[in-house]
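# Tertiary structure, described
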Amino acid sequence: MSLVDGVGRSIDYLRLSVTDRCDFRCVYCMAKNMTFLPRQQVLTLEELQRLAALFVGQGVRKIRLTGGEPLIRPGIVGLCRTIAALPGLRELVMTSNGSQLARLARPLVEAGVKRMNISLDSLDAERFRAITRNGDLRQVLDGIEAARDAGFERVKLNCVVMKGRNFDEVPALVQYAIDQGIDISFIEEMPLGDVGRSRGETFCASDEVRSVIGRHHALLDSTENSGGPARYVRLARHPQTRIGFISPNSHNFCGSCNRVRMTVEGQLLLCLGQDNAVDFRALLRRYPLDDGPLVAALRRGLQGKPLRHDFSGDGEVQVVRFMNMSGG
């Protein structure tokens, strides 16, 4: 069993959002004052489990749990345990802001989460609070260390690079990843949602980031693939750390897209940068005992998966949906 979209791409990766809520308010993800979904519009844990099983049954081999911040969803460890046990699933992974990992890293490993991505956009406490609007850097650094020690197969940092905010910290962030013996990916800011400023003013292309890193380290191109959009390089003198670049604006990766996103309100987003969606919440609740209509809707929807997104770095908002509503 496999899923194929209308242009022949194999779809084997689901990003499944478990909440639109977050304990941070990062400047690239949300507006300062956010309104979150009422509870009745959010998928229940049972509905999330059902969707995960349905997608794995249709050929999905990797599921990433996202948010908002997935670790503030009550029952998240039990949900992970149930999904990780699905026959046919190759790996369950997660993206987190790290704030809850000091207490949850080990339970998540025991529940079957294989890899953990942790957002870290600054190593300066005041700057970190400014970017996240209310985050505590020490709490996140403690979470990163807990994740490193908990036994995940891999821990990776994610940094959204913005000129005038954290671009000057790229070498320090690379050194921190080296010191921790973990990976780090640098991400171009995506034009999702009106965050009250022009993104063009802060946009930083991956090639600029790579050039800065190259002044400090000998970089070796790598063909490694973690199942997502990152392009990796290795550090010649620090082979335990990979550097990834996720470049939706400057190096379009749509031709090899293998994923879809499910929002926590049950909208299957066929492309992060387009508004094409299929309403699975309505189907889940209309057919509580019959997956047939859901499978049919999935396969029919994939035939309309867009060929590509149209992101650019000029600052124009191209999708009004905020990142926390898109599923990380």
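What counts, and where the lines are drawn
Residues numbered from 1 in each chain as written. Predicted model: local features only at pLDDT ≥ 70, side-chain atom pairs only at ≥ 80, totals over all residues. Heavy atoms only, no water. UniProt positions renumbered as here; feature names shortened; annotations may be inferred. Helix = DSSP H or I, 4+ residues; strand = E, 2+ residues; numbered from the N terminus. Buried < 20%, exposed > 50% of the residue type's maximum accessible area, 1.4 Å probe, protein only. Contact = heavy atoms within 4.5 Å. Areas by Shrake-Rupley, 256 points an atom, 1.4 Å probe, with all protein chains shown as cover. Lys, Arg positive; Asp, Glu negative; His and termini not counted. Salt bridge = Lys/Arg side-chain N within 4 Å of Asp/Glu carboxyl O. Polar contact = N/O pair within 3.5 Å; in protein donor to acceptor, adjacent residues only side chain to side chain. Axes fitted to C-alpha atoms, helices over the stretch in contact; angles between N-to-C directions. Parallel < 35°, antiparallel > 145°, perpendicular 65-115°, else oblique. Left-handed = near helix turned anticlockwise from the far one by under 90°. Nonpolar A, V, L, I, M, F, W, Y, C, P; charged D, E, K, R; others polar.

Under the annotation held in an unreviewed UniProt entry, the protein chain carries the name GTP 3',8-cyclase and is attributed to Pseudomonas extremaustralis. As recorded by UniProt, the Catalytic activity (unreviewed entry) comment attached to the protein chain reads in full: "GTP + AH2 + S-adenosyl-L-methionine = (8S)-3',8-cyclo-7,8-dihydroguanosine 5'-triphosphate + 5'-deoxyadenosine + L-methionine + A + H(+)".

## Considerations on the overall build of the protein chain
Each helix and strand in the protein chain was counted, giving 10 helices and 14 strands. Per-residue burial over the protein chain gives 58% buried out of 328 residues. Of all intrachain contacts in the protein chain linking residues separated by at least 6 positions in sequence, the fraction that spans at least 24 positions is 73%. Here the protein chain displays about 13300 Å² of accessible surface, and carbon together with sulfur accounts for 49% of that area.

## Some points on the UniProt feature "binding site: [4Fe-4S] cluster 1" (unreviewed entry) in the protein chain
In the UniProt entry, the feature "binding site: [4Fe-4S] cluster 1" (unreviewed entry) is given for Cys22, Cys26 and Cys29. Here Cys22 shows up in the loop between β3 (13-17) and α1 (45-57). Judged by its relative accessible area of 15%, Cys22 falls in the buried class. The residues contacting Cys22, other than those within four sequence positions of it, are Met30, Phe36, Gly68, Glu69, Ile72 and Asn97. Residue placement: Cys29 occurs in the loop between β3 and α1.

## Observations concerning the side chain of Glu188
Structurally, the position occupied by Glu188 is in strand β8 (residues 183-188). No salt bridge is formed by the buried Glu188. Its closest oppositely charged neighbour is Arg231, at 6.3 Å. A polar atom in the side chain of Glu188 sits 2.9 Å from the backbone nitrogen of Ser206. With residues up to four places along the chain from it excluded, the contact list for Glu188 reads Phe203, Cys204, Ala205, Ser206, Ile246, Ser247, Pro248, Asn249 and Ser250.

## With respect to the packing of helix α3 (residues 101-111) against helix α5 (residues 137-150)
Here α3 crosses α5 at 20°, and the two axes come no closer than 8 Å. In terms of orientation, α3 lies roughly parallel with respect to α5. α3 and α5 meet at a crossing whose hand is right-handed. Here Leu101, Ala102, Ala105, Arg106 and Val109 of α3 lie close against α5, whose contacting residues are Gly143, Ala146, Ala147, Asp149 and Ala150. In terms of residue class, the contact of α3 with α5 is made up of seven nonpolar, one polar and two charged.

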